[in-house]
2 protein chains.
Amino acid sequence: MKLKNNIKFDEKGLIPAIVQDADTGEVLMLGYMNEEALRRTLSGDEVWFYSRSRQELWHKGETSGNYIKVQSLWKDCEDNSILVKGKPTGPVCHTGNKTCFFQQITKQDVDA
Amino acid sequence: MKLKNNIKFDEKGLIPAIVQDADTGEVLMLGYMNEEALRRTLSGDEVWFYSRSRQELWHKGETSGNYIKVQSLWKDCEDNSILVKGKPTGPVCHTGNKTCFFQQITKQDVDA
């Protein structure tokens, strides 16, 4: 496989991929793709990642049943991060939350 | 400085931070914060990053004048990525685009 678009993977062969709900605009999660995960995401209908903890390809939703249907993919100006606009078929977060970003950080969390 | 909220920085001392327009929901960029950049972002009104290319603290907008005013910060369920909701005072991207994610990737970009 070769990508024509000069996608830059890091020294581990990964690129961060933000997932955003295509309808609501809500940012749902940040995952990492390797070349094969990106190829499958671009070739198919659903989001694939590379799981850094399990060190294997990860078809998002394969255990939970909550897949993310891809609408469009975008790369940033430096070709080293990806934005996926898609539609989740259920809660994206393993906690059952709609988004993984459900915990706010405030100034009180910093010790001066 | 100490963070109470178990923020997980990677082996380089960095954490990826997504910036989203708090009003429009548009995803604007992905940057990286070190502990000090996060502290400054939480303590002040504007977004700070750590520039991996220049290897220094980066007050976003310090050269362009296009700062990002912070509205709220969120961490994900695994404490290893951050979502900043904020308001940019001008185009976020160095190309002059409103967002860094202005280039679409399609199936045609994959060689089977």
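Above this text you will find the structure in question.
Small disclaimer: the values here were computed from a predicted structure and weren't measured. (Residues numbered from 1 in each chain as written. Chains lettered and ligands numbered in written order. Predicted model: local features only at pLDDT ≥ 70, side-chain atom pairs only at ≥ 80, totals over all residues. Heavy atoms only, no water.)

Draft legend 1. The arrangement of the pattern of salt bridges in detail. According to the stated counting rule, one finds 20 salt bridges over all chains in the structure shown. Note that E26 of chain A and K98 of chain A form a salt bridge whose closest N and O atoms lie 3.5 Å from each other. In this pair, E26 of chain A is assigned in the loop between strand 2 (15-21) and strand 3 (27-33) and K98 of chain A in the loop between strand 7 (82-88) and strand 8 (103-105), connecting sequence segments 72 residues apart. Take E26 of chain A: its relative accessible area is 25%, and that puts it in the partly exposed class. Across the salt bridge formed by K87 of chain B and D23 of chain B, the nearest N and O atoms sit 3.3 Å from each other. Highlighted residues: K87 of chain B in strand 7 (residues 82-88) and D23 of chain B in the loop between strand 2 (15-21) and strand 3 (27-33), separated in sequence by 64 residues. Note on K87 of chain B: relative accessible area 28%, which makes it partly exposed. In this structure D23 of chain B comes out as exposed when scored by relative accessible area, which is 57%. (Salt bridge = Lys/Arg side-chain N within 4 Å of Asp/Glu carboxyl O. Helix = DSSP H or I, 4+ residues; strand = E, 2+ residues; numbered from the N terminus. Buried < 20%, exposed > 50% of the residue type's maximum accessible area, 1.4 Å probe, protein only.)

Draft legend 2. How the structure looks around the relation of the copies chain A and chain B. The operation relating chain A to chain B is a screw motion whose rotation component is 180 degrees, with 0.0 Å of axial translation and a residual RMSD of 0.0 Å. Here the transformation between the copies is reduced to the relation of a two-fold axis. For chain A, the minimum C-alpha distance to the rotation axis belongs to G25 of chain A and amounts to 2.6 Å. When the interface residues of chain A are mapped onto chain B, 100% of them again fall at the interface, so both copies present the same face. (Least-squares fit on C-alpha atoms with pLDDT ≥ 70 in both. Contact = heavy atoms within 4.5 Å.)

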